[in-house]
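Reading the structure
What follows is each chain in one-letter form.
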Amino acid sequence: MIQAMNPATPGGKLTFWLLFAPAMLWLIALIIAPHLQLFAISFREPSAGGQTSLGLNNYSEFFIEPLYWRTFARTAIMSIVTTILTAVIGLPVAYYIAKLTRGYSKSILFVACLLPFWVSELVRTLGWMILLRETGVLSGFLQAIGVIDHPIEFLYNDATVIVGLVYTSMLFMVVPLINGFESLEDSLIEAGYDLGGNIFSVTRDIIIPHVMPGLVSGCIVVFMLSLGNYATPTLLGGKNSLWFTEQIYAQFITRFNWEQGAAFGFLLLVLSSAIIWLGLRLTGQRLVDVVR
Amino acid sequence: MAAPDLNVVDLSKSYEGITAVDRVSFTVPSGSFFSILGPSGCGKTTLLRMLAGFISPDSGDIRIGGQSVLGLPPNRRPINMVFQHLALFPNMTVAENVAYGLRRRGVSKAEIEQRVQKMLNRVSLPDAGPKRIDQLSGGQKQRIAIARCLVLEPALLLLDEPLGALDLKLREHMKVELKLLQAEIGTTFVYITHDQSEALVMSDRVAVMNKGRLEQVGTPQELYYNPETPFVASFVGVSNRFACQVLGQNNGEVALKTREGLTVYAAAQKNGSAVSGTASVFVRPEAVLITRDRASVAALRNQAEAKVTNILFDGANSSAILEVTADVSLTVALPQDGRMSLLKVGETVHVGWRSDATLCFAETISA
């Protein structure tokens, strides 16, 4: 059996491919094939008389029409803000769970982070709407205690979208950070203090460098999830908060312009990858360390 | 010698009713190598962490040069610590590790560079500066961990079993090296360990700790030859121990008898107090003379005939396990002149040892 599992032997090679086949099939049939199809569609240009020709018009449209690239820039910037906020909140939360709690309370806190994900994202977002709308819980409460004298609409602005996105993304930041903190030996922190460090220098010089791979992988996941999110920005942002995924949706579904939608889809993929590559370069991290 | 550098006064700490450190007091003269020796769980780590400032004591005081340091957090105490697993910062180079404490103190860049290099020279690793921590061997890491503390010129250096993770050969080597380094630099070292050989080889003075209390504080020689408690007698060095009934005492000598009827003569207690009832008798393996002819042991106070049950050959440390009576089994160091090299299991030999090399302690419940 051991012999058969060894990829160096001919029998082992067969075993390896048999085990690998389901993942390979899934990858090809559900991810690569549709993307290749969309990639091909994105270069098609409808012309007079039902004829189609090939060209880059669908892509150049993104750069010519300000609405499109501005929406993308907006989406990217708000996703970056979301990522930073999630990291700032996630770091102390993860530190607390990993280092300052033990046993039962640790499990409880971890489950508390997980719990919101037992509910669908749509329902979670609708929950925020109940809280924040003009006739909602927050507005009502503030009126009741006399802070405001008329109802206020908290929905449909950028801040609300970011709040919703941070909430949705928190788990994906906290989990890699907890792993990072747990592998950090307490004696390293103590040595930092012993040699004259204070809470700031120990955090900056010892803790952050240690959790950096976890932090960066958390940031990548949160950024990608926020950029590609649809329900939260649409429901919480409404008409005032255009999100790039809404543009893609509009092309595919409302305008039935699959060619344009496919081009936007690939632009989103390429541009977000470029932003992540830039982020990795700026923080001096390598992707192989981050995904390890 | 200068004024006592470290004064620990009646220090106590308990966790949820369990006393980890129980009214411990000792003084470490400045510039000396002081070890705290004890089995795991005896409270020595708690004691060390109180000295470093990571744990605050329930009562008692820690004074350095007469000044209490209890109010100071660890980063402001003139005490540095070499951690059990060294705790070198993996994301920094060797030079950055050594420079860490100086940078925290705001020392100028040029001076840091110069002092770090001087320290690296001193620990015989002058070229290690730009290396990463994982490029160092175990012994080199050890030296860097010590250099990282010593560069700050602390009044006191604490070492928490730093040799525990090393293999035997390197550990033997580091023992000598640490002792030489301490003698050369002159910083006060407080070293905790469960390894009695480390404590005996390196220290000027050793405190033996058991169940949160200090059993005895003294030079390694005092602890070895004049243990004051049965715990020290059994923990420091190898000893043969057997239970006896006290028969009587006269002329600074106690006569005892084992259950199987072997009569043993032991030195009376130093403080003159009489021993009665049941007692534990301790004899060092090297204090026992082993021979094939009875005449050689005739002059010794204690003598017996014994059967060899096992031979443990270990070069110069070879020993034999002998059965004297059913309840007395003796480990005896074999003489190094080769006289007993042909000793066989099952052979009958004669053993003898002096009464003043034999210690007895009245049996107490805790011992």
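Conventions we followed
- Residues numbered from 1 in each chain as written.
- Chains lettered and ligands numbered in written order.
- Predicted model: local features only at pLDDT ≥ 70, side-chain atom pairs only at ≥ 80, totals over all residues.
- Helix = DSSP H or I, 4+ residues; strand = E, 2+ residues; numbered from the N terminus.
- Contact = placed C-beta atoms within 7 Å.
- Buried ≥ 20, exposed ≤ 12 C-beta atoms within 10 Å, placed from the backbone.
- Domains from an automatic or database assignment.
- Pairing = 2+ DSSP bridges.
- Axes fitted to C-alpha atoms, helices over the stretch in contact; angles between N-to-C directions.
- Nonpolar A, V, L, I, M, F, W, Y, C, P; charged D, E, K, R; others polar.
- Core = buried A, V, L, I, M, F, W, Y, C linked by C-beta atoms within 7 Å.
- pLDDT = per-residue confidence, 0-100.
- Left-handed = near helix turned anticlockwise from the far one by under 90°.

Structural notes on the overall build of chain A
- If you tally the helices and strands in chain A, you get 14 helices and two strands.
- Pairs at least 24 apart in sequence give 67% of the contacts found in chain A among residues at least 6 apart.

Here we look at the overall build of chain B
- Counting secondary structure elements, chain B contains eight helices and 20 strands.
- Every one of the 367 residues in chain B was classed for burial, and the buried ones make up 39%.
- Taking contacts inside chain B between residues at least 6 apart in sequence as the whole, the part at least 24 apart equals 66%.

Some points on the domain arrangement of chain B
All names here are of chain B.
- Segmentation of chain B into domains returns domain 1 (6-231) and domain 2 (238-362).
- Here the C-alpha centre of domain 2 lies 38 Å away from the C-alpha centre of domain 1.
- Of the residues lining the interface, four residues belong to domain 1; the matching set on domain 2 comes to four residues.

As for the sheet that holds strand β1 (residues 6-15) of chain B
Residue and element names in this part refer to chain B.
- On the basis of which strands lie adjacent, the open sheet formed by four strands has the order β2-β1-β4-β5 and antiparallel pairing. Where the open sheet ends on each side, the last strands, each with one partner, are β2 (18-28) and β5 (67-68).
- Bridge analysis of β1 against strand β4 (residues 59-64) gives five bridges, and the strand direction is antiparallel. The partner of Val 9 across the bridge, within β4, is Asp 61.
- Its contacts with the sheet place helix α1 (residues 44-52) against β1, β2 and β4, and it is angled at close to 60 degrees to β2.

Here's the deal with the interface of chain A and chain B
- With 15 residues of chain A in contact, the opposing surface of chain B contributes 17 residues.
- Top element by residues in the side of chain A that touches chain B is helix α9 (residues 186-194) of chain A. It accounts for six residues.
- In terms of residue class, the side of chain A that touches chain B is made up of six nonpolar, six polar and three charged.

With respect to the sheet that holds strand β10 (residues 213-218) of chain B
All names here are of chain B.
- The sheet built from six strands is open, its strands ordered β6-β7-β8-β3-β9-β10 with mixed pairing. With one partner strand each, in any of the chains shown, β6 (79-82) and β10 form the two edges of the open sheet. Strand-to-strand twist in this sheet, taken as the mean axis angle between neighbours without regard to direction, amounts to 20 degrees.
- Here α1 sits on the sheet in contact with β3 (33-37), β6, β7 (156-160), β8 (188-193) and β9 (205-210), set at roughly 150 degrees to β7.

So, the nonpolar core
- Judged by nonpolar contacts, the single largest core of 134 residues is most densely connected at B:Val82, B:Leu158, B:Val208 and B:Val281.
- Here this core takes twelve residues from helix α8 (residues 158-182) of chain A, the largest share from any one element.
- Here this core spans two domains, since at least three of its residues come from each of domain 1 (6-231) and domain 2 (238-362) of chain B.
- Formed by ten residues, the second largest nonpolar core is a distinct cluster that contains A:Phe72, A:Trp243, A:Phe264 and A:Leu268.

So, the confidence of the model for chain A
- Averaged over every residue, the pLDDT of chain A is 87; the share at 70 or more is 95%.
- Within chain A, helix α4 (residues 66-100) of chain A carries the highest mean pLDDT (92), whereas helix α1 (residues 2-5) of chain A carries the lowest (54).

Considering the environment of B:Val288
All names here are of chain B.
- Assignment of secondary structure puts Val 288 in the loop between β14 (278-283) and β15 (289-291).
- Along the backbone, Val 288 and Ala 357 are 69 residues apart, and their C-alpha atoms lie at a distance of 8.8 Å.
- Ignoring any residue separated from it by four or fewer positions in sequence, one finds Val 288 in contact with Val 283, Leu 330, Val 332, Val 351 and Trp 353.

Details of the pairing of β10(B)
Residues and elements named next belong to chain B.
- In this sheet, β10 lies alongside β9 in antiparallel orientation, the contact comprising five bridges. The partner of Val 208 across the bridge, within β10, is Gln 216.
- Connecting β9 to the antiparallel partner β10 that follows it, the hairpin turn spans two residues, and Lys 211 within it adopts a positive phi of roughly 50 degrees.

Observations concerning the pairing of β4(B)
Residues and elements named next belong to chain B.
- Pairing of β4 with β5, which is carried by two bridges, proceeds in the antiparallel orientation. Across the sheet, the residue bridging to Ile 64 is Gln 67, located in β5.
- Hairpin remark: β4 followed by β5, antiparallel, with two residues in the connecting loop; positive phi at Gly 65, about 55 degrees.

Section: the confidence of the model for chain B
- For chain B, per-residue confidence averages 87 on the pLDDT scale, and residues scoring 70 or more make up 96% of the total.
- Interface confidence for the predicted complex, given as ipTM, is 0.79, next to a pTM of 0.77.

Observations concerning the environment of A:Thr83
Residue and element names in this part refer to chain A.
- Within the secondary structure layout, Thr 83 lies in helix α4.
- Overall, the presence of 25 C-beta atoms within 10 Å leaves Thr 83 in the buried class.
- For the pair formed by Thr 83 and Ser 226, sequence separation is 143 residues and the distance between their alpha carbons is 8.1 Å.
- Discounting chain neighbours no more than four positions away, the residues touching Thr 83 are Cys 219, Val 222, Phe 223 and Ser 226.

Considering the environment of A:Arg286
Residue and element names in this part refer to chain A.
- Topologically, Arg 286 is positioned in the loop between α13 (258-283) and α14 (287-290).
- For Arg 286, a count of 12 C-beta atoms within 10 Å translates into the label exposed.
- C-alpha separation for the pair Arg 286 and Val 216, spaced 70 residues apart in sequence, amounts to 9.7 Å.

Describing the packing of α9(A) against helix α10 (residues 199-227) of chain A
Residue and element names in this part refer to chain A.
- Across the interface, α9 lies against α10 with an axial gap of 10 Å and an inter-helix angle of 145 degrees. With respect to the hand of their crossing, α9 and α10 are arranged in right-handed fashion. Counted together, Leu 188, Ile 189, Gly 192 and Tyr 193 of α9 and Val 202, Asp 205, Ile 206 and Ile 207 of α10 form the full contact between these two elements.

Brief notes about unusual backbone geometry
Residues and elements named next belong to chain B.
- Not every positive phi belongs to a glycine, and Asp 10 is a case in point at roughly 50 degrees.
- Looking at the element boundaries, Asp 10 is found in strand β1.
- The phi dihedral of Lys 211 is positive, around 50 degrees, even though this residue is not glycine.
- Tracing the sequence through the fold places Lys 211 in the loop between β9 and β10.

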